[in-house]
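Inside the fold
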Amino acid sequence: MSLLVANHISKNYGDLDVLENVSVRIEFGDRIGLVGPNGAGKTSLLKALGRIDTSFSGDLFVAQETRIGYLSQDPPPAGNRTLYEDLKDVFTELLAEGEQLRRLEARMTDPAQSDKELEGLLTRYGQQQEAFERAGGYAIDRRVRFVLTGLGLQESLWHAPLAHLSGGQRTRACLGRLLLEEPDLLFLDEPTNHLDVRSMSWLEGVLLDWKGALIVVSHDRYFLDTVATRIWDLAHRRVETYRGNYSHYRQQREDRHARWRKEYERQQEFISETQEFIRRYKAGQRTKEAQGRETRLNRFLEEEALPPPPTSQFIRLPLRTDLRSGDLVLRTRKLVAGYSEPAPGAGPHIAGTLQEDMKGDGVDGSNSIANEAVSDFLSAKGRHGVEIGRQGRLRPMRSLSPEDMPILEAPDLDLYRGQVAALIGPNGAGKTTFVRTILEELEPLTGRVELGSSVEVGYLAQRHVGSGYGLMSGGQTVLDALLEVKRLPTVRARTYLGQFLFKGDDVFQSIESLSGGQRSRIALARLTLQGANFLLLDEPTNHLDLDSQEILQDALRQFDGTILLVTHDRALIDALATQIWQVTPASNGKPGSLEVFKGTWKQWQTERLRSEREDSPAKAVAAPTASEEEWQRQREARRQRRQAQKHEEAVAETEERIDRLESRLVEIEEHMARASAAQDLERLRTLQDQHRGVSQRLEKLMEEWAVMAA
């Protein structure tokens, strides 16, 4: 059943064409991943299909009574309601029915009621109560709590006004509201932007059970692999559709474009040969034949000729180091990271420092909740600033002071040359504070941090722009930002920037005028120029399109040095990490903690699931809460879905092989037609044998597919 059909959708902004004759269809049950380069028009297409923006040309048909939900990257203006009230408002009609039930209950307890009236009230109450229960009226609070918890919105925020929440928190609140509304067609624009690893996993489970259809714009490859059953690739103003998840799409796109290039090359060879024949014989004895060929060629060029295959520009990432470090790269001993007693007269620097760190740890320092946290810290300690200095790589041990604000307590860590550690954990848990301590921007509250011999640190910050270690100034030009790292001749610097897609006058743009993706590219250019052997990367794939993420991942995989990744990108962790450093946030007045797992992402997940299974009997002693029951149900459902996903992947792979064989048959049949016209009998017999062999393989595959799809 088609929920939405769009034909010949076109969209422009002045002279800039974004979409051109896009025709797509959404069926019930589709889970579509919409991908494409930054600026390709993904959000424009989503808004057009969702009727958020109606300034497009073309036809859009939506099935009757289809409810559409749309999640924007930017949250709407905050109202006066609290977070909990806003989500509960989804059930306004159901809550009104509950109020009617309570009024009926009050009337039934009235002793003035006659038996007949009471009997009528009982009948009416029973019917309404059954309908209320069937609609989930008694589970409203449980569902709201389940969604808020799943999206990582702490209980301390539930009764805070929406206006006091950060932009990321409000975006999560909008997502939670949509999930509770359960529209038939769900449009999500970058839903994982503000989620940590656990929340993303939770959202995947919810979307895998989605009862309608959905389209997701996302730069999260792991998320698209888990959720999507189809991929729409938007590039060059057109949409190409692919079956399967993101990994299937990558392989199919490569195969499709390879066939396209091959067919286009054959076409150009045919055109060139025909033009040469026309040029040679048009004025000679074979004039009529040449004129006929010219007529057929012109018709072919107008009606049948393939357009040239798309050409996309990709960054080049020459990430290497010629400096070999010692075996030990990083060591911590009895480390507690946080904020120390300030130096007198340091002024208001503390507020800015704390807010920047909170922002880096996933909390928007511009919102009032963050401001209140800073104010509470200042007033409780009676101080005006924090002394931050670089005091050498080996700092003297000291004891924790009552004036200190500990954020994260780390075990004794040893990171060796060639290892890749992934630092993961919830937003706001203290990851950025830990990183700044390693970089010597913050002094440890207790313990020490040591870097090994010949270790040179290359730091890629999450924010890119600001004041601090490794950050760029907004007033710099792209060229100046590169030359700040290493003095190069201007011509060579501009050539180097060209590898990161900064061409011509692009190098004279100011950093503050660049998009997030462009800032990421110049930050990567600066990093590659340093030649560091220890890379400390804070959310390195943020703002990068999917192709650039793949290029960065390949470059890091080949890097000879040591890497510490701070990231929510599970695909990157899965591909690179040799150990997992998991941060648990502070609770009950105690600082957060860091736990080390020496193994890969898949091994860590397996170990975590095993631990959960072992812990479940102990947890069963106390009756599980409704949220825990729901979580367990979701986990079992995810296990079953993973099995189904493997089956779907096998079916999709078989379908891809069928497509390739069918294309091969068409190609052979074209060659057979040419050989027959040329009376090349030997070539024709060879092609017939090839056709027979491919047909047999295709028939066998079709039989396998029929069994698998049954």
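Residues numbered from 1 in each chain as written. Predicted model: local features only at pLDDT ≥ 70, side-chain atom pairs only at ≥ 80, totals over all residues. Heavy atoms only, no water.

Tallied over the entire structure, the rule returns 41 salt bridges. Here Arg692 and Asp689 are joined by a salt bridge, their closest N and O atoms 2.9 Å apart. Of this pair, Arg692 and Asp689 are both found in helix H21 (residues 681-709), three residues apart, which corresponds to roughly one turn of the helix. The network of salt bridges with common partners includes Arg81, Asp86, Asp89, Arg177 and Glu181. (Salt bridge = Lys/Arg side-chain N within 4 Å of Asp/Glu carboxyl O. Helix = DSSP H or I, 4+ residues; strand = E, 2+ residues; numbered from the N terminus.)

Turning our eyes to something else, we now look at the sheet that holds strand E4 (residues 57-62). Across the sheet, which stays open at both edges, the three strands sit in the order E2-E1-E4 with antiparallel pairing between neighbours. Of all the strands in the sheet, just strand E2 (16-27) and E4 have a single pairing partner and so form its edges. In this sheet, adjacent strand axes meet at a mean angle of 10° when their direction is disregarded. Both strand E1 (residues 2-13) and E2 contribute to a ladder of eight bridges, which runs antiparallel. If you follow Ser2 over to E2, its bridge partner there is Glu27. In the packing of helix H1 (residues 42-49) onto the sheet, contacts are made with E1, E2 and E4, and the angle to E2 comes to roughly 55°. (Pairing = 2+ DSSP bridges. Axes fitted to C-alpha atoms, helices over the stretch in contact; angles between N-to-C directions. Contact = heavy atoms within 4.5 Å.)

Membership of the largest hydrophobic core comes to 42 residues, with the highest contact counts inside it found for Leu83, Leu179 and Leu207. Those residues within four positions of Leu207 in sequence are excluded, and the remaining contacts are Arg31, Leu179, Leu186, Leu188, Leu214, Phe223 and Val227. Residues Leu319, Phe500, Leu556 and Phe559 belong to the second largest nonpolar core, which totals 38 residues. (Core = buried A, V, L, I, M, F, W, Y, C linked by side-chain atoms within 4.5 Å. Buried < 20%, exposed > 50% of the residue type's maximum accessible area, 1.4 Å probe, protein only.)

So, about unusual backbone geometry. The backbone of Glu440 sits at a positive phi, close to 70°, despite the residue not being glycine. Along the chain, Glu440 turns up in the loop between helix H13 (431-438) and strand E14 (446-451). Unlike most non-glycine residues, His543 shows phi in positive territory, near 75°. With respect to the helices and strands, the residue His543 is situated in the loop between strand E16 (534-538) and helix H17 (546-558). Owing to a relative accessible area of 46%, His543 belongs among the partly exposed residues under this scheme.

With 86% of its residues at a pLDDT of 70 or more, the chain shows a mean pLDDT of 81. Considering only residues more than four positions removed or in separate chains, one finds that residues 343-395, a stretch of pLDDT under 50, has 112 contacts. Note that pLDDT drops below 50 for residues 617-628; the model gives that stretch four contacts with residues more than four away or on any other chain. (pLDDT = per-residue confidence, 0-100.)

Take the packing of helix H9 (residues 246-281) against H17 next. A packed helix pair is summarised by two numbers, namely the angle formed by the two axes and the spacing between the axes. Two numbers describe how H9 lies on H17: the axes approach to 13 Å, and their chain directions differ by 90°. Of the possible angle classes, the one that applies to H9 and H17 is roughly perpendicular. In this structure, H9 contributes Tyr246, Arg250 and Arg253 to the contact, and H17 contributes Leu546, Asp547 and Glu550. Class assignment for the residues of the contact of H9 with H17 results in two nonpolar, no polar and four charged. (Parallel < 35°, antiparallel > 145°, perpendicular 65-115°, else oblique. Nonpolar A, V, L, I, M, F, W, Y, C, P; charged D, E, K, R; others polar.)

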